[in-house]
Amino acid sequence: MKAIRRFSVRPVLPEPLRPLSELARNLRWSWHPETRELFQAVDPEGWRAAAGDPMRLLGSVPAARLAALAEDRRFLRRLAAAADDLQDYLTGRRWYQEQPEGLPAAIAYFSPEFGITAALPQYSGGLGILAGDHLKSASDLGVPLIGVGLLYRHGYFRQSLSREGWQQEHYPLLDPNELPLTMLREPDGSASRISLALPGGRSLRAYIWQARVGRVPLLLLDSDVEENGPGEREVTDRLYGGGGEHRLLQEMLLGIGGVRAVRTYCRLTGHPAPEVFHTNEGHAGFLGLERIRELVAAGLDFDAALECARAGAVFTTHTPVPAGIDRFDRELVARHFGPAGELPGIDVERVLELGLETYPGGEPNLFNMAVMGLRLAQRANGVSTLHGQVSRQMFAGLWPGFDPEEVPIDSVTNGVHAPTWVAPEVLRLGARRVGAGRAEDALATGGPQRWDALAEIPDADIWDLRRTLREQLVEEVRERLRASWRERGAGTAELGWIDGVLDPDVLTIGFARRVPSYKRLTLMLRDRDRLMELLLHPERPVQIVVAGKAHPADDSGKRLVQELVRFADDPRVRRRLVFLPDYGMAMAQRLYPGCDVWLNNPLRPLEACGTSGMKAALNGCLNLSVLDGWWDEWYEPDFGWAIPTADGAAMDDNRRDDLEAAALYDLLERRVAPRFYDRAQGGLPGRWIEMVRRTLTTLGPKVLAGRMVREYVERLYAPAAEAQRALTPAAASELAAWKARVRAGWPGVAVDHVEAAADTELNGTATLGSTVSLRVSVTLGPLDPADVEVQAVAGRVDPTDRLSRTAVFPLKPAGGPALDGRRLYEGPLTLDRTGPFGYTVRILPAHPLLSTSAEMGLVALPSEATGEAAGVLLR
């Protein structure tokens, strides 16, 4: 029989143990070892059975054990110390509070998923883990962030394998009352709710649940509300489930409902209202529309409200391919924002024009969430230097007339939250060198550019640590592999071989991530005979641990998983290569530290960042990767290896994969394995240990989420708050009117004539440092000189006269307008580099409240006839 209703029955903690409830409900325990050790001491067997989840633990501890602990003075002292430590953490001054005045009073951070801990399964992969690390590092730094997401009643999915190795999905029902969550309530005790209007007079209502991530509140919206219709109750059923209207409703709830949830939270708690709104990927882009609605309701017109909303908005894109962006049919969006839908009082055509792909190469009838995110944010960034370049090229159509390098999309390279991902054994080793307090502070908030103190750790200590971590991974793999085979239908008598899977003294390679095709899960299988030789080498064997989930709707990804699993099932190699199903945070926290090498072989440049390799590096694991994402930025031969890529537009896909797989095998056979097994006297691989040491000292400080969040604060949040404050209602109205006037008058703006006079005769050559005087005649039409900036842009020229590595030289007006209305601009151009050199001239809009000169996407350039007499100075 099935229950028709379920609810949680919690024990009543004795009064002396009441602080345990507060410790369990604040997710700081997930990255604070002392708190986890305290919960383990409550009931060691129960802690293991609860998979390290304090809420589950407290729900299962026998009353007799609780009564005994309430009389245990030693335990109560530990409990009091942990409670006091949490209170100090929550209320003390941290990095943010020590910064100069002017930083935002609060920042709202929106993401479709958050990977905080396995005990709150609301994540699928890298985007969610990154968002969770962002919140945890903001807490450590004291940044006043408010996280906003959705509460998925079935989470993402749990993965298992069939006997044939096919991925199977399971969707466990998650009860919010059994999770570390608290429902937000009104002063009268009733549940707080937000509501969205839907076509046909329907409503989408949602509860607001709060998770406490250290100092940061995380608000999660839940549509499982009795007053909702059946379809509306299922809106927050699964992460990335459904499609079409279902996904649109999720994103409307996240963006529009999320802003309303933030307003409700601030009203009830007194938390400062956010000055900055950060959209982590396009899924939450509708938040900008809700902010516009609020401003229109306060008296601004749409254009002024748009300027005001943009000023305080930050948009982060995580995808390097258009296929990774949510796009909706124009008519579907129009129906939900029409007269009978959301955002009453705002013309639906104004909503549509923010997201439609109305640019060269776009599909004008598709509403693109990333395009809307960019149009609704004055500041945008990619998540690595290379990804910033890719993003500028991918979205260049939104800024016509500008070269991709000038598209206003910056980059902040991702980082990882070290206290979450560093193994306790690694932390203890560092603490012995610098002290526990300094070690924790360096990991949480970031320290110097290098961790040179770690360079003094003896080789033997590093090698002993690496073997201990490898040994722990071997035990974990065997346990998980045995459970997986039982799920696949194997009996105990068939599984004796698992006791010999992996060897704690063999070079161990890890590969774990989502399984879209571009990450190339099966590249290692291109030459199976050669891979088998590497795995079974008599003197320098290699062993590989693989994990990963394919999206439930991605059959091609599932086929890749099955192909890998079937190879791993081969009795000849199954002790050296394993596939572990149900990859998640709990598995990852053992996998990263236990591997010697972290493998990453995506198609370049399709890996936006790839933070798994960062987590491995923080544990002394060396990276072996294609130069993509963060590895392209920070790779050095001293601490890892780069897999060569087979570039070229004409390269056949199969040929490319064959070449790159062969390069991978060569590296493993000739460089990686020999270095691992090259033992000096004493049995220590000195050169390998030195690479581990360089990884820790040089890469360690760079890959921290603390560094990342500080960059967001200094480079994006602080300027956004300043811009938001500058855009008073009057200033926003003035800026909107100015933009409308400039757009209307821009067709009359032109570069008419360019003259160049050198201080010496050029004759095709010139001396470095010599000067060219430019005189430029321009037509401004109805605009004034104060509305524009006239610039010379100079740099190297290629054989087609295309400029690169440019520098900008502002030109100044020389007198008033001529009789024909034209104006003259002059200025010097310094020849500051050798080699082929050229320049062009352009006119751009100029206003003190523009974030960049490219913001409006308007530029006037010389015609070919205007520029042919001057422009290429030296070939």
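Please refer to the structure higher up on the page.
To keep things clear, this report deals only with the structure shown in the data block. For clarity, every value in this text was computed on a predicted model and none was experimentally measured. (Residues numbered from 1 in each chain as written. Predicted model: local features only at pLDDT ≥ 70, side-chain atom pairs only at ≥ 80, totals over all residues. Heavy atoms only, no water.)

Another aspect to go through is unusual backbone geometry. The general pattern is negative phi for most residues beyond glycine and trans for most peptide bonds. Here the amide bond leading from R604 into P605 is cis, since omega sits at 5°, within 30 degrees of zero. Structurally, the position occupied by P605 is in the loop between β18 (597–600) and α23 (612–617). With phi around 55°, R520 is a residue other than glycine that occupies positive phi space. Here R520 shows up in the loop between β15 (507–512) and α20 (528–535). For R520, a relative accessible area of 6% gives the class buried. Non-glycine residue R805 carries a positive phi angle of around 50°. Locating R805 in the fold gives a position in strand β24 (residues 803–813). For R805, a relative accessible area of 59% puts it in the exposed group. (Helix = DSSP H or I, 4+ residues; strand = E, 2+ residues; numbered from the N terminus. Buried < 20%, exposed > 50% of the residue type's maximum accessible area, 1.4 Å probe, protein only.)

Judged by how many residues are buried, strand β7 (residues 203–213) sits mostly within the fold: 8 of 11 residues are covered. Relative to β7, strand β6 (residues 193–197) is paired through 5 bridges, and the arrangement is antiparallel. Among the inter-strand pairings, R193 is bridged to a residue of β7, identified as Y207. In sequence, β6 turns back onto β7 through a hairpin of 5 residues, with G200 there showing a positive phi of about 80°. Note that β7 and strand β8 (residues 216–222) share 7 bridges and pair antiparallel. Residue pairing for β8: I208 is matched across the bridge by L221. Between β7 and β8, which pair antiparallel and follow one another directly, the connecting turn spans 2 residues, one of which, G214, has a positive phi of 65°. (Pairing = 2+ DSSP bridges.)

Turning our attention to the packing of helix α25 (residues 653–677) against helix α26 (residues 686–699). Axis separation between α25 and α26 bottoms out at 6 Å; the angle between their running directions is 105°. Relative to α26, α25 is oriented roughly perpendicular. For the pair α25 and α26, the contacting residues are V672, R675 and F676 in the first and R687, W688 and M691 in the second. Residue composition of the contact of α25 with α26, grouped by class: 4 nonpolar, no polar and 2 charged. (Axes fitted to C-alpha atoms, helices over the stretch in contact; angles between N-to-C directions. Parallel < 35°, antiparallel > 145°, perpendicular 65-115°, else oblique. Contact = heavy atoms within 4.5 Å. Nonpolar A, V, L, I, M, F, W, Y, C, P; charged D, E, K, R; others polar.)

Scanning the entire structure with this criterion turns up 20 aromatic pairs. Among the aromatic side chains, those forming a connected cluster through ring pairs are W463, W641, F676, Y677 and W688. The positively charged end of R513 is found above the aromatic ring belonging to F511, 4.5 Å away from the centroid. R679 extends its terminal NZ or CZ atom over the ring of F676, reaching a point 5.2 Å from the ring centre. (Phe/Tyr/Trp six-rings, centres within 6.5 Å; stacked < 30°, edge-to-face > 60°. Lys NZ or Arg CZ within 6 Å of the ring centre and 35° of its normal.)

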